[in-house]
Amino acid sequence: MNPMKKRLSIALASVMVLGALVGCGSGGDKPASSSGGDKGKQDEFSFYFTGSLNVKELWEVVVPMFEKKYPNIKVKMVHIDSGAGGQSTVDRIIAAKQANQKSGNIDLYESSLSDVIKGTKEELWAPLDTKKIPNLSKIEEKQLSNVKNMGIPYRASAVILAYNSAKVKSPPKTANELYDWIRKNPGRFAYNDPATGGSGDSFVQTAIYNFLPPEANVSSDMAYAQKWDQGFALLKELHPFMYQKGVYPKKNQGTLDLLANGEVDIIPAWSDQALEQTSKKLLPDTTKLVQIDPSFTGGPTYLMVPKLSEHPDSVATFLDYVLTPEAQSVIVNKMYGYPGIKWSEMPQELKDKFKDVAGGYRTFSIGDLGKEIQKRWQRDVAGQ
């Protein structure tokens, strides 16, 4: 080979090798830019969530919206059916931490307050702040401080009153007005067995805890069980004024069916369930919803980030998107849930549409006391 050509060939090969090395160094090992403009390797994180089919359907809408906006971030969704072992997900994260295996390939987890609390005790969750997730500022500060910023309350639902406005022209506005209405309209009110559904459970807990100090609402101290007598006395007094003089339907749907069939005029119901069934014409057009004062119980569903997640930046980008009015509107329109961000941050049309149930709720977190209330209710109220 000509010496000059040989030198040119060697130089060209060197440039090609150098170019390949530069490409490797700038490309695949780093997470993709959250701006979506980087054409490098796609970053993927695993999102575990639990709940009914409507939760799965929610994320099947929101996640593609996010991925379209941020094409370099991929969300691997893992749905765990409600009641099918969501608690084992927390246990899996704990086991992975103890085995020094990072987060067990779980980068984001959705669940209830009890899992937030358990994970906080085990030091599983990363604290969340507005530096990485600016839209946290759109959430009521109290909702974050209640869980020490270890979880994002991204959506919520509450128990409200659903009533037939053709029969009830002026619905009760307070708990005492509701109890008076029940007495004056025997057989026209129903709540489900509290062990079979949250709306009936909320009615019972509210009747009891309205006689206790506010701090009792978030305490599992068994000493409060000694102060339930006044509330149980009220429930026993109301018993003969219930549907068919004391028949308690099974599950939340049981009372909704009675309202739909015109057998009762007022029931406690979950806001999202009642709104969805009204929209689908499963409840009469005359069905209206209202919250009372003091309010029934309700609560958020939380998103938590394991401290040992290997994709914190991509997860933070996703969480910030979930807290945009765009994503939150899907929660309201598709799930009929309360938004996680303040109603003032939501579009005016949604504020107008949901004004009757936007009054809020009280969070109850009483641990095993809830089961004790259900046992005593069976004995002292239903079994009297």
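Every residue gets a number counted from 1 within its own chain, in the order that chain's sequence is written. For a predicted model such as this one, the threshold for reporting local features is a pLDDT of at least 70, and the threshold for listing and counting side-chain atom pairs is 80 or more; totals across whole chains, interfaces and linings nevertheless cover every residue. As a rule here, side-chain values cover all heavy atoms of the structure and leave hydrogens and water aside.

K.L.:
Hey, could you go over the packing of helix H7 (residues 198-209) against helix H8 (residues 229-238) for me, with residue numbers and the actual values?
P.N.:
Packing of H7 against H8 leaves a shortest axis separation of 7 Å and a crossing angle of 125°. The angle between H7 and H8 places the two elements in the oblique class. H8 is crossed by H7, and the crossing has right-handed handedness. The residues of H8 that touch H7, namely those facing Phe-203, Val-204, Ala-207 and Ile-208, are Gly-231, Phe-232, Leu-234, Leu-235 and Leu-238. Considering only residue class, the contact of H7 with H8 consists of eight nonpolar, one polar and no charged. Between N-to-C directions, angles span 0 to 180 degrees; the directions come from axes that are lines fitted to C-alpha atoms, helices contributing only their stretch in contact. By definition, any uninterrupted DSSP run of H or I lasting at least four residues is a helix, any uninterrupted run of E lasting at least two residues is a strand, and each is numbered from the N terminus. Here roughly perpendicular refers to angles of 65 to 115 degrees, roughly parallel to angles under 35, roughly antiparallel to angles over 145, and oblique to all remaining angles. By convention the crossing between two helices is left-handed if the near helix lies anticlockwise of the far one by an angle smaller than a right angle, and right-handed if it lies clockwise. Contacts: residue pairs with any heavy atoms within 4.5 Å of one another. In the scheme used here, Gly and all other residues not listed as nonpolar or charged are polar, with Ala, Val, Leu, Ile, Met, Phe, Trp, Tyr, Cys and Pro taken as nonpolar and Asp, Glu, Lys and Arg as charged.

K.L.:
Can you lay out the pattern of salt bridges for me, pointing to particular residues and giving the numbers?
P.N.:
We define a salt bridge as a contact between a side-chain nitrogen of Lys or Arg and a carboxyl oxygen of Asp or Glu at a distance within 4 Å. Inspection of every chain in the model, using the stated rule, returns 16 salt bridges. Across the salt bridge formed by Lys-250 and Asp-193, the nearest N and O atoms sit 3.4 Å from each other. Within this pair, whereas Lys-250 is found in the loop between H8 and helix H9 (251-260), its partner Asp-193 is found in the loop between helix H6 (175-184) and H7, the two being separated by 57 residues in sequence. The buried label applies to any residue whose accessible area, calculated with a 1.4 Å probe on protein chains only, is under 20% of its type's maximum; exposed applies above 50%, and partly exposed to all values in between. Among the residues examined, Asp-193 registers a relative accessible area of 5% and is labelled buried.

K.L.:
I'd like a description of the layout of surface pockets, backed by residues and values.
P.N.:
Using a 1 Å grid laid over the protein atoms alone, points where a 1.4 Å probe fits but cannot get out form a cavity; open sets with protein on both sides within 12 Å along at least 5 of 7 lines form a pocket; any residue with an atom within 4 Å of a point counts as lining. Grid points are joined across faces, edges and corners, and a volume is the space filled by probe spheres set on the points. Each pocket or cavity is described by its volume, and for the second largest pocket that value is around 820 Å³. Lining the second largest pocket are 31 residues; nearest its centre among them are Lys-142, Gln-143, Asn-146, Tyr-302 and Thr-363. Of all the secondary-structure elements, those providing two or more residues to the lining of the second largest pocket are helix H4 (113-121), helix H5 (141-145), strand E4 (152-164), strand E7 (297-304), strand E8 (338-339) and strand E9 (362-363). Sorting elements by how many residues they give to the lining of the second largest pocket places H4 first, with five residues. Here the residues of the lining of the second largest pocket sort into 16 nonpolar, eight polar and seven charged.

K.L.:
Can you tell me about the nonpolar core, naming the residues and giving the values?
P.N.:
One finds Phe-47, Trp-59, Leu-108, Ile-152, Leu-303 and Phe-318 to be the most contacted residues of the largest nonpolar core, which totals 57 residues. Non-local contacts of Leu-303, meaning those with residues more than four positions away in its chain, are made with Phe-47, Trp-59, Leu-108, Tyr-109, Glu-110, Leu-128, Gly-151, Ile-152, Tyr-154, Leu-319 and Val-322. Take the buried residues of types Ala, Val, Leu, Ile, Met, Phe, Trp, Tyr and Cys, join any two whose side-chain atoms come within 4.5 Å, and each joined set is a nonpolar core. In terms of nonpolar packing, the next biggest core, distinct from the first, is built from 38 residues, Trp-181, Val-290, Phe-364 and Trp-377 among them.

K.L.:
Hey, could you go over the pairing of strand E5 (residues 266-270) for me, with residue numbers and the actual values?
P.N.:
Of all five residues in E5, five are buried, a share of seventy percent or more. Burial along E5 is two-sided: the residues Ile-266, Pro-268 and Trp-270 and Ile-267 and Ala-269 are all buried. Here a strand pair is declared whenever DSSP counts at least two bridges between the two strands. Of the pairings in the sheet, the one linking E4 to E5 comprises five bridges and is antiparallel in character. Bridging across to E5, Tyr-163 finds its partner in Ile-266.

K.L.:
How would you summarise H6 if you had to cite specific residues and measurements?
P.N.:
For H6, the complete set of buried residues consists of Ala-175, Leu-178, Tyr-179, Trp-181 and Ile-182. The arc that holds every buried residue of H6, seen down its axis, measures 160°, which confines them to one face. In this structure, H6 carries Asn-176 and Lys-184 as exposed residues pointing more than 90 degrees from its buried face. Looking at the buried residues of H6, the elements they touch are E4, H7, H8 and E5. By definition, the arc is the one covered by directions from the helix axis to the C-beta atoms.

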